[in-house]
Amino acid sequence: MKSFVVLGIGRFGSSLARTLYRLGHEVLAIDDDEDVIQEIADDVTHAVVGDCVDENTLRSLGVRNFDVAIVAIGGELQSSILATVVLKDLGVKHIVAKAQSDLHAKVLKRVGADKVVFPERDMGIRLANNLSSENILDYIELSPDYSIAEIMVPPNWIGQTLKDLNVRAKYGITILACKNGSGIHVAPAPEYKLGTEDDLVVLGANDDLSSLQKS
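For clarity, every value in this text was computed on a predicted model and none was experimentally measured.

Reading the values: rules and limits
Residues numbered from 1 in each chain as written. Predicted model: local features only at pLDDT ≥ 70, side-chain atom pairs only at ≥ 80, totals over all residues. Heavy atoms only, no water. Helix = DSSP H or I, 4+ residues; strand = E, 2+ residues; numbered from the N terminus. Rg over C-alpha atoms; globule rule 2.2 N^0.38 Å. Buried < 20%, exposed > 50% of the residue type's maximum accessible area, 1.4 Å probe, protein only. Contact = heavy atoms within 4.5 Å. Areas by Shrake-Rupley, 256 points an atom, 1.4 Å probe, with all protein chains shown as cover. Lys, Arg positive; Asp, Glu negative; His and termini not counted. Charge placed at Lys NZ, Arg CZ, Asp CG, Glu CD. Salt bridge = Lys/Arg side-chain N within 4 Å of Asp/Glu carboxyl O. Pairing = 2+ DSSP bridges. Axes fitted to C-alpha atoms, helices over the stretch in contact; angles between N-to-C directions. Parallel < 35°, antiparallel > 145°, perpendicular 65-115°, else oblique. Left-handed = near helix turned anticlockwise from the far one by under 90°. Nonpolar A, V, L, I, M, F, W, Y, C, P; charged D, E, K, R; others polar. Arc of directions from axis to C-beta.

S.K.: Residue-level account of the overall build of the protein, with values.
M.R.: The number of helices and strands found in the protein is 9 helices and 11 strands. Computed over the C-alpha atoms, the radius of gyration of the protein is 21 Å, more than 25% above the 17 Å expected from 2.2 N^0.38 for a compact globule of 215 residues. Projected onto the principal axes, the alpha-carbon positions of the protein cover approximately 65 × 35 × 30 Å. Taking all 215 residues of the protein together, 39% fall into the buried category. At a minimum sequence separation of 6, the contacts of the protein that also span at least 24 residues come to 51%. As displayed, the protein has an accessible area near 12,000 Å², and 51% of this comes from carbon and sulfur atoms. Charge-centre separation for the protein: the mean point of 21 positive side chains lies 8 Å from the mean point of 31 negative side chains.

S.K.: Before we move on, could you go through the pattern of salt bridges and cite the residues and values that matter?
M.R.: Inspection of the entire model under this criterion finds 3 salt bridges. Residue glutamate 55 pairs with arginine 59 through a salt bridge whose shortest N-O separation is 2.7 Å. Remark: arginine 59 and glutamate 55 occur in helix α3 (residues 55-60); sequence separation between them is 4 residues, near one turn of the helix. Of the charged contacts, one joins glutamate 150 and lysine 179 as a salt bridge, the two residues approaching to 3.3 Å between their closest N and O atoms. Here glutamate 150 is found in strand β8 (residues 146-152), whereas its partner lysine 179 is found in strand β9 (residues 173-180), with 29 residues between them in sequence. You can call lysine 179 partly exposed: its relative accessible area is 29%.

S.K.: Summarise the sheet that holds strand β2 (residues 26-31); cite the residues concerned and give the values.
M.R.: Sheet architecture is open: 6 strands sit in the order β3-β2-β1-β4-β5-β6, paired in parallel fashion. Looking along the sheet, the strands with just one partner apiece sit at the ends: β3 (46-49) and β6 (115-117). Direction aside, the axes of adjacent strands within the sheet are offset by 15 degrees on average. Pairing analysis gives 4 bridges linking strand β1 (residues 3-7) to strand β4 (residues 68-71), with the strands arranged parallel.

S.K.: Describe unusual backbone geometry, and please don't skip the residues or the numbers.
M.R.: You will see that asparagine 166, though not glycine, has its phi angle at about 50 degrees, which is positive. Phi is positive for alanine 187, close to 45 degrees, though the residue is something other than glycine. Tracing the sequence through the fold places alanine 187 in the loop between β10 (183-186) and β11 (199-205).

S.K.: So what about the packing of helix α4 (residues 77-90) against helix α5 (residues 102-111)? Which residues, and what values?
M.R.: Two elements in contact, α4 and α5, have axes whose closest approach is 9 Å; the angle formed by their N-to-C orientations is 20 degrees. When the interaxial angle is binned, α4 and α5 end up roughly parallel. Crossing geometry of α4 relative to α5 is assigned as right-handed. Residue-level contacts link Leu77, Ser80, Ile81, Thr84, Val85 and Lys88 of α4 to His104, Val107, Leu108 and Val111 of α5. Looking at the contact of α4 with α5, its residues break down into 6 nonpolar, 3 polar and 1 charged.

S.K.: Could you give me a rundown of α5, with the residues and numbers involved?
M.R.: Those residues of α5 lying buried are His104, Ala105 and Leu108. One face of α5 carries all of its buried residues, which in axial projection span an arc of 100 degrees. Opposite the packed face of α5, turned more than 90 degrees from it, sit the exposed residues Leu103, Lys106 and Arg110. Tucked inside the fold, the buried residues of α5 contact α4, β5 (95-98) and β6. Count one or two residues on from α5 and you reach glycine 112, which has phi positive near 135 degrees.

S.K.: Pulling in residues and values, what's your account of the environment of glycine 24?
M.R.: By the element assignment, glycine 24 lies in the loop between α1 (11-22) and β2. For glycine 24, a relative accessible area of 39% gives the class partly exposed. Taking the C-alpha atoms as reference, glycine 24 lies 20 Å from glycine 62; in sequence the two are 38 residues apart.

S.K.: Which residues make up the environment of tyrosine 171, and what values do they have?
M.R.: Mapped onto the elements, tyrosine 171 comes out in helix α8 (residues 167-171). On the basis of relative accessibility, which here comes to 23%, the residue tyrosine 171 falls in the partly exposed class. Through-space distance from the C-alpha of tyrosine 171 to that of valine 92 is 44 Å; in sequence the pair is 79 residues apart.

Shown next as structure tokens:
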């Protein structure tokens, strides 16, 4: 079990805090809106009304003892930047901060964020890819050039083994797992034969994944 402190309980922060708690972790939620804190109180370990950029408040709550601090503050960019600075000064081990733009991300990294996320942008990318192809079930962009996608098995692949298909050589992608009704097969063997109920989790360059969908 890890311990997390989430600063800013908006849509992103509340979803994150609830999910982490549901996964069995200790979660402290902090926000200056009392109504928001009351709403999430039963779904996290501790929920506190407080100023997310006030050093004395964060010190008194012992945030430096948490494994990860997530700055999920929306609205003014200044607040998320100040919160990141305060967390860094307090000695928090690992800081994750939500950014609204590339410039915002650069500033957050410069003042101490270990990881920067773009939840709105990333969700937009996933949704766009899901909507653009009926075969794409899920999509995670790893970088501007590479992604992981969960796809339906192309009809002409059904009944063939992975060895026969030789997708890495032909399409430039790597099959990470095969999913079907009986579960998930991670790093499937070359002899694995694809069936009609299989979905594939694949890794590759975005151009190669796009070409695969057109094949």
